[in-house]
Amino acid sequence: MAGRVILFGDLEARYEAERLLGERHPEVHVESAARSWELVERACTGAFDVAVVLKGPIWERQQRLEVVTALRRNEVRGRVVYAGAFLTEKHDALAAGADHCFDPEHHAVEEVAFRALYRPRLAADHPYLR
């Protein structure tokens, strides 16, 4: 069973995540969105099992959190996975509706996205967030 993943982030991060997912999990269909409204619009079609909000600059933190909120407000059925380095950012993402937060410095994006497709439930990567 192949899953479908959509990525949101800057061009370099999306390209790298797409490449790594394609190499390590060729059965997974991967697409990406450059703009937040595009991600929400495409994810709302129900065609994706996982939406991954990739790590970005700190000044774009609020925009990335708003993407998570918009996904949940529009009742996206798939999992929402959020990449963030700071504990407060992870906590805010979970409060906004993310299913899982992770630090991309410690966890490979392609593996977290793949696990989100097939595991019944993901645990947060920090005891405080469990």
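Residues numbered from 1 in each chain as written. Predicted model: local features only at pLDDT ≥ 70, side-chain atom pairs only at ≥ 80, totals over all residues. Heavy atoms only, no water.

A. Inspection of the overall build of the chain at higher detail. For the chain, the count of helices and strands is 5 helices and 5 strands. Ordered by position in the sequence, the α and β elements of the chain form the string β-α-β-α-β-α-β-α-β-α. Rg of the C-alpha trace for the chain: 13 Å, near the compact-globule value of 14 Å for 130 residues, within the 12% margin. C-alpha extents for the chain along the principal axes are approximately 35 × 30 × 30 Å. A total of 130 residues make up the chain; the buried ones form 46% of that total. Considering only contacts within the chain whose residues lie at least 6 apart along the sequence, 64% involve residues at least 24 apart. When the accessible surface of the chain is summed, it comes to about 7100 Å², and 51% of that surface belongs to carbon and sulfur atoms. (Helix = DSSP H or I, 4+ residues; strand = E, 2+ residues; numbered from the N terminus. Rg over C-alpha atoms; globule rule 2.2 N^0.38 Å. Buried < 20%, exposed > 50% of the residue type's maximum accessible area, 1.4 Å probe, protein only. Contact = heavy atoms within 4.5 Å. Areas by Shrake-Rupley, 256 points an atom, 1.4 Å probe, with all protein chains shown as cover.)

B. Fine view of the state of the cysteines. Tallied over the entire structure, the rule returns 0 disulfides. Not part of a disulfide, cysteine 44 finds its nearest cysteine sulfur in cysteine 101, a span of 19 Å. Exposure remark for cysteine 44: the relative accessible area of 36% places this residue in the partly exposed category. (Disulfide = S-S within 2.5 Å.)

C. Quick peek at the sheet that holds strand E4 (residues 79–83). If you walk across this open sheet you meet the 5 strands as E2-E1-E3-E4-E5, and the pairing is parallel. Edge positions in the sheet fall to strand E2 (29–33) and strand E5 (100–102), since each has one partner strand and no second. For this sheet, the mean angle separating the axes of adjacent strands, direction not counted, is 20°. Direction of pairing for strand E3 (residues 50–53) relative to E4: parallel, over a ladder of 4 bridges. Paired with valine 53 across the bridge in E4 is tyrosine 82. The sheet strands contacting helix H4 (residues 87–96) are E4 and E5, and the helix crosses E5 at an angle near 165°. Its contacts with the sheet put helix H5 (residues 109–118) on strand E1 (4–8), E3, E4 and E5, and the angle it makes with E3 is roughly 155°. (Pairing = 2+ DSSP bridges. Axes fitted to C-alpha atoms, helices over the stretch in contact; angles between N-to-C directions.)

D. Molecular detail of helix H3 (residues 61–73). An ideal rise of 1.5 Å per residue puts 18 Å on 13 residues; H3 measures up with 18 Å between its terminal C-alpha atoms. Taken together, the buried positions of H3 are occupied by Arg64, Leu65, Val67, Val68, Ala70 and Leu71. Residues of H3 that are buried make contact with E1, helix H2 (36–43), E3, E4 and H4. One or two steps after H3, the chain reaches glutamate 75, where phi turns positive at roughly 55°. (Expected span 1.5 Å × (residues − 1).)

Note that all results are geometric; they support no functional claim without further evidence.
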